[in-house]
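This is what each chain is made of:
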Amino acid sequence: MIKIVDLHKSFGENHVLNGLNLDVQRGETMVIIGRSGCGKSVLVKHMIGLIRPDQGQIIVDGDEITNHREEELFRLRRKFGMLFQSAALLDSMTVGENVGLGLRYHTSLDKEAIQERVKSKLALVGLSGMECLEPAELSGGMKKRVGLARAIAMDPKYVIYDEPTTGLDPIMADVINELIMRLQRELSITSIVVTHDIASATKIADRISMLHEGKIIFDGTAEDVLRSTNPIVEQFIKGSATGPIKPV
Amino acid sequence: MANLLAFIGRKFISFIEHVGGVFVLLGRVLKSLPWLFGNLGLVVEQMSQMGVNSLPLVLITSIFTGAVSAIQAAYQFQDFVPMRYLGTAVGKAVVIELGPVLTALVVAGRVGASIAAELGTMKVTEQLDALKTLAIDPVPFLVSPRFIAGLAMLPILTIMSDFIAIMGGYTVALLFLDITSNTFLSGLKMFFHFRDVIAGLVKALVFGGIISTIGCYQGFQTKGGAKGVGRSTTKAVVISMVLILIGDYVIASLVF
């Protein structure tokens, strides 16, 4: 379980997170929605210690990580996998090397065993036989799927998805949605998904939280979100330019 | 006036922060060395990138450096210094100064820029964050192999550069300056001190450390996309070159 209490983070004069509270329960798919630039990615990067908070607590499985040293954070991160918005594949390595990178440096598996594990994870995301390709040879959707295979290669407890469907065509976006749901079903992974894609959010979420002006202003199921009378949530769901959220 | 003082103050604080940042990075590199012994493949790959791939450029630079130093020395010797000292002048200039410094400047331009651009691009495309989420510390994985490769390859490149530069001077002396092979070689041996070679190699070792450390540090400091990568690359080359020249002076004043 991940618990975030009174989280504050500013970059200069820009107060991105402003006393945010959030719980992520074990085994659920929690989707965090909000406008672009509202701090969703900053929030999830706090969960794995990529960004340090100015104030507040982040508790992962009962362990308060806010003041962890770098070495302790690296140990913590073995519980996590993360799919980045841009996939963030290491472009000096092949697809297979990218997926097997964590296994190579954190397990005692030999080369053959790592290759087997890489094959099985690539098969899980529908990319069998792509081990030898370079990231530059892949389409956007394929990159995301390789990023996902890399994120789950070490069988993490938590997987964070940062805008998993952004920049993809609707069909490929749905392929990614199905993958997220399948992984949660088959591997019992706790998923934290950051998105502004409402169709994706309502399809995959057990719970949706909306981040606005540095705080969680709504928390509920997909049905709750669609029925919400909160004017901010309503405007966001409808994608309307008029309402309490002012276009910047 | 107050604005000027504030500006100078900000620049000074920023300078101190960067100096501190470089030493913290070096500390983390030293701490990661035991891990690196188990992953020597990473070092070998960087040695190839930094050393083998720089060799053609270093050799071309060296042959002309040696040739020019022979011509310049002969021009300054005319009627005042006997030509039997030409080999001495070329040898001393190359081994003590030109070999290590010019090799380092060439490598700073080629390798320092490439390190900063590669790590800078990795930073702005979230590849460094991706490594961290895989619980892989980018310092041992990316910086330490480059640091060790820099320390190892600069002295090797310098030895090759020294040899080729002296050969360049020797060739020019024989072909265009009417000096016999025996005269040039006896001059070369006349005041040869092994200490000079060691001093040149110590310089090369320090310069190798400077190039890889500054390249990595500037890469890690990159912000803001392609423009930021360009800025880091330029800074890495400029700072490395300035530090090489300052380091050259400091080592020369300590050794000689």
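Located above this text is the structure these notes cover.
About the thresholds
Residues numbered from 1 in each chain as written. Chains lettered and ligands numbered in written order. Predicted model: local features only at pLDDT ≥ 70, side-chain atom pairs only at ≥ 80, totals over all residues. Pairing = 2+ DSSP bridges. Helix = DSSP H or I, 4+ residues; strand = E, 2+ residues; numbered from the N terminus. Axes fitted to C-alpha atoms, helices over the stretch in contact; angles between N-to-C directions. Contact = placed C-beta atoms within 7 Å. Left-handed = near helix turned anticlockwise from the far one by under 90°. Nonpolar A, V, L, I, M, F, W, Y, C, P; charged D, E, K, R; others polar. Expected span 1.5 Å × (residues − 1). Buried ≥ 20, exposed ≤ 12 C-beta atoms within 10 Å, placed from the backbone.

Asks: Can you break down the sheet that holds strand E3 (residues 29-33) of chain A residue by residue, with the values?
Replies: Residues and elements named next belong to chain A. Strands sit in the order E6-E7-E8-E3-E9-E10 across an open sheet of six strands; the sheet is mixed. What marks the edges here is a single partner per strand, and that holds for strand E6 (80-83) and strand E10 (215-220). Taking each pair of neighbouring strands and ignoring which way they run, the sheet shows an average axis angle of 20 degrees. Sheet topology places strand E7 (residues 158-162) next to strand E8 (residues 190-195); five bridges connect them, and they run parallel. Counterpart to Val159 in the pairing with E8 is Ser191. Contacting E6 and E7, helix H5 (residues 140-152) crosses the sheet at an angle of about 175 degrees to E6. In this fold helix H9 (residues 231-238) packs onto E3, strand E9 (207-212) and E10, with an angle of close to 105 degrees to the strand it touches most, E9.

Asks: Account for the packing of helix H4 (residues 55-77) of chain B against helix H5 (residues 86-124) of chain B, with residues named and values stated.
Replies: All names here are of chain B. It is the contact of H4 with H5, at a shortest axis distance of 9 Å, that shows an interaxial angle of 145 degrees. When the axes of H4 and H5 are compared, the crossing they make is right-handed. Contacts from Leu57, Val58, Thr61, Thr65, Gly66, Ser69, Ala70, Ala73, Ala74 and Phe77 of H4 reach H5 at Leu86, Ala89, Val90, Ala93, Val94, Leu98, Leu102, Thr103, Val106 and Arg110. Along the lines of polarity and charge, the residues of the contact of H4 with H5 split into 14 nonpolar, five polar and one charged.

Asks: Explain the environment of Cys38(A) to me, using residue names and the numbers behind them.
Replies: Tracing the backbone shows Cys38(A) in the loop between E3 and helix H1 (40-47). Those residues in contact with Cys38(A) that lie beyond four places of it in its chain are Leu211(A) and His212(A).

Asks: Outline the interface of chain B and chain A, listing residues and values.
Replies: Between chain B and chain A, the contact holds eleven residues from the first and 15 residues from the second. Here the residues of the side of chain B that touches chain A sort into four nonpolar, three polar and four charged.

Asks: Could you give me a rundown of the environment of Pro56(B), with the residues and numbers involved?
Replies: Within the element layout of this structure, Pro56(B) appears in helix H4. With 38 residues separating them in the primary sequence, Pro56(B) and His18(B) have C-alpha atoms 34 Å apart.

Asks: Give me the lowdown on helix H1 (residues 2-31) of chain B, citing residues and values where you can.
Replies: Between its first and last C-alpha, H1(B) extends 43 Å over 30 residues, near the 44 Å set by a 1.5 Å rise per residue. Among the 30 residues in H1(B), one count as buried, and that is only a small part of the element.

Asks: Any details on helix H3 (residues 95-106) of chain A? Residues and values, ideally.
Replies: Because each turn of an α-helix spans 3.6 residues, side chains separated by three or four positions in sequence point in the same direction. Among the residues of H3(A), those classed as buried are Val95(A), Asn98(A), Val99(A), Gly100(A), Leu101(A), Gly102(A) and Leu103(A). Contact partners of the buried residues in H3(A): helix H4 (111-124) and H5 of chain A.

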